[in-house]
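Observations on chain architecture
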Amino acid sequence: DVSGKTEEEARKIINDAGLQAGTHISQNSPDVEKGVVIETKPGDGQEVDVDSNVDLVVSSGMVEVPDVTGQTADEACNTLKGDDYKLGCKVEEVETADQEEGKVFDQSIPGGTEVAQGSEITVTVAKKPPEPTPTIPSATASRSSRPDTLRSAVSRAPGFAGKRHMSRGVLA
C-alpha cells in the first residue's frame, strides 16, 4: 500500500515491485496533503500481472467549496467544517429585508469553486432590519417659533417705534 506516500516514493515502490507506475490522477481532498497518494487504481490488495500499470490518485491539495446558501449559519458552518470539506467558517450578519431572515444568502467563495485546504469561507446571513421609529414633528417647536417671527417682522416694519398698540384688534 502506497497511500500516504509522496508520488515520487509511491512510483519507486511500485516499480520495485515489478509493476509500472501509471497515470497521475489528481483528486481533491480535505485532509490529504498536496502531492501525497490517496489511493491506487487498481486498489491495494488486488492481484495484477507483472508489468501492469498502477495509476496513482494524488491529492491536489484543493477542496471544492459546497454551496451553503439557503442554510442557517450553524448548518452552513457545520457543512464547511465537517469531514467532507474541513474548511474554516466565518459568519457575517447583514441587515436586509430582501432575504430570508437567518439564512445564508451569500458566501465569499461560490459553491463549486476549488480552494486550498483549510481555507476560510465567509457566509453572509440575513438579519431583520430594525423597525423604523416614527418621527412626529414637535407641535410646540413650530408654535413657539411663530411669535418670534411675527415680532421680528413687526419690529422691522416702517414707522414702528418699539411699542405695540392694539386698536380695534389691529396691530398698529
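Keep in mind that this is a model prediction, so the values were computed, not measured.

1. Brief notes about the side chain of Glu7
Locating Glu7 in the fold gives a position in helix H1 (residues 7-16). There is a polar contact of 2.9 Å between the side chain of Glu7 and the side chain of His24. Once residues lying within four places of it in the same chain are set aside, the contact partners of Glu7 are His24, Gly35, Val37, Leu56 and Val58.

2. Brief notes about unusual backbone geometry
Note that the residue after Lys41, namely Pro42, is joined by a cis bond; omega there is 0 degrees. Within the element layout of this structure, Pro42 appears in the loop between strand E2 (37-41) and strand E3 (53-59). With a phi close to 65 degrees, Asp51 is a non-glycine residue in the positive phi region. With respect to the element layout, Asp51 can be found in the loop between E2 and E3. Given the relative accessible area of 52%, Asp51 is considered exposed.

3. Concerning the nonpolar core
One finds Val68, Leu80, Leu87, Val104 and Val123 to be the most contacted residues of the largest nonpolar core, which totals 14 residues. Taken together, the elements giving at least two residues each to this core come down to helix H2 (73-81) and strand E8 (120-127). Residues within four places of Val104 in sequence aside, it is in contact with Val68, Thr69, Gly70, Gln71, Thr72, Ala73, Ala76, Val123, Thr124 and Val125. Core analysis: the next-biggest nonpolar cluster, separate from the first, contains 9 residues, Val2, Ile14, Val37 and Val58 among them.

Rules and cut-offs
Each chain carries its own residue numbering, running from 1 in the written order of its sequence. Restriction of local features to residues with pLDDT of at least 70 applies here, the model being predicted, together with a cutoff of 80 or more for giving and counting side-chain atom pairs; totals for whole chains, interfaces and linings are based on all residues. Working from all heavy atoms in the structure, the side-chain values ignore hydrogens and water. Numbering of helices and strands runs from the N terminus, with a helix taken as a DSSP run of H or I at least four residues long and a strand as a DSSP run of E at least two residues long. For the purposes of these results, a polar contact is taken to be a pair of N or O atoms within 3.5 Å, where, inside protein, one atom must be able to donate a hydrogen and its partner to accept one; residues adjacent in sequence count only when each atom of the pair is a side-chain atom. Should any heavy atoms of two residues lie within 4.5 Å, those residues are counted as being in contact. Partly exposed residues are those whose accessible area sits between 20% and 50% of the maximum for their type, while under 20% is buried and over 50% is exposed, using a 1.4 Å probe and protein chains only. We define the nonpolar core as a collection of buried residues of types Ala, Val, Leu, Ile, Met, Phe, Trp, Tyr and Cys that are connected through side-chain atoms lying within 4.5 Å of one another.

Fair warning: the whole summary comes from geometry, so function is off the table for now.
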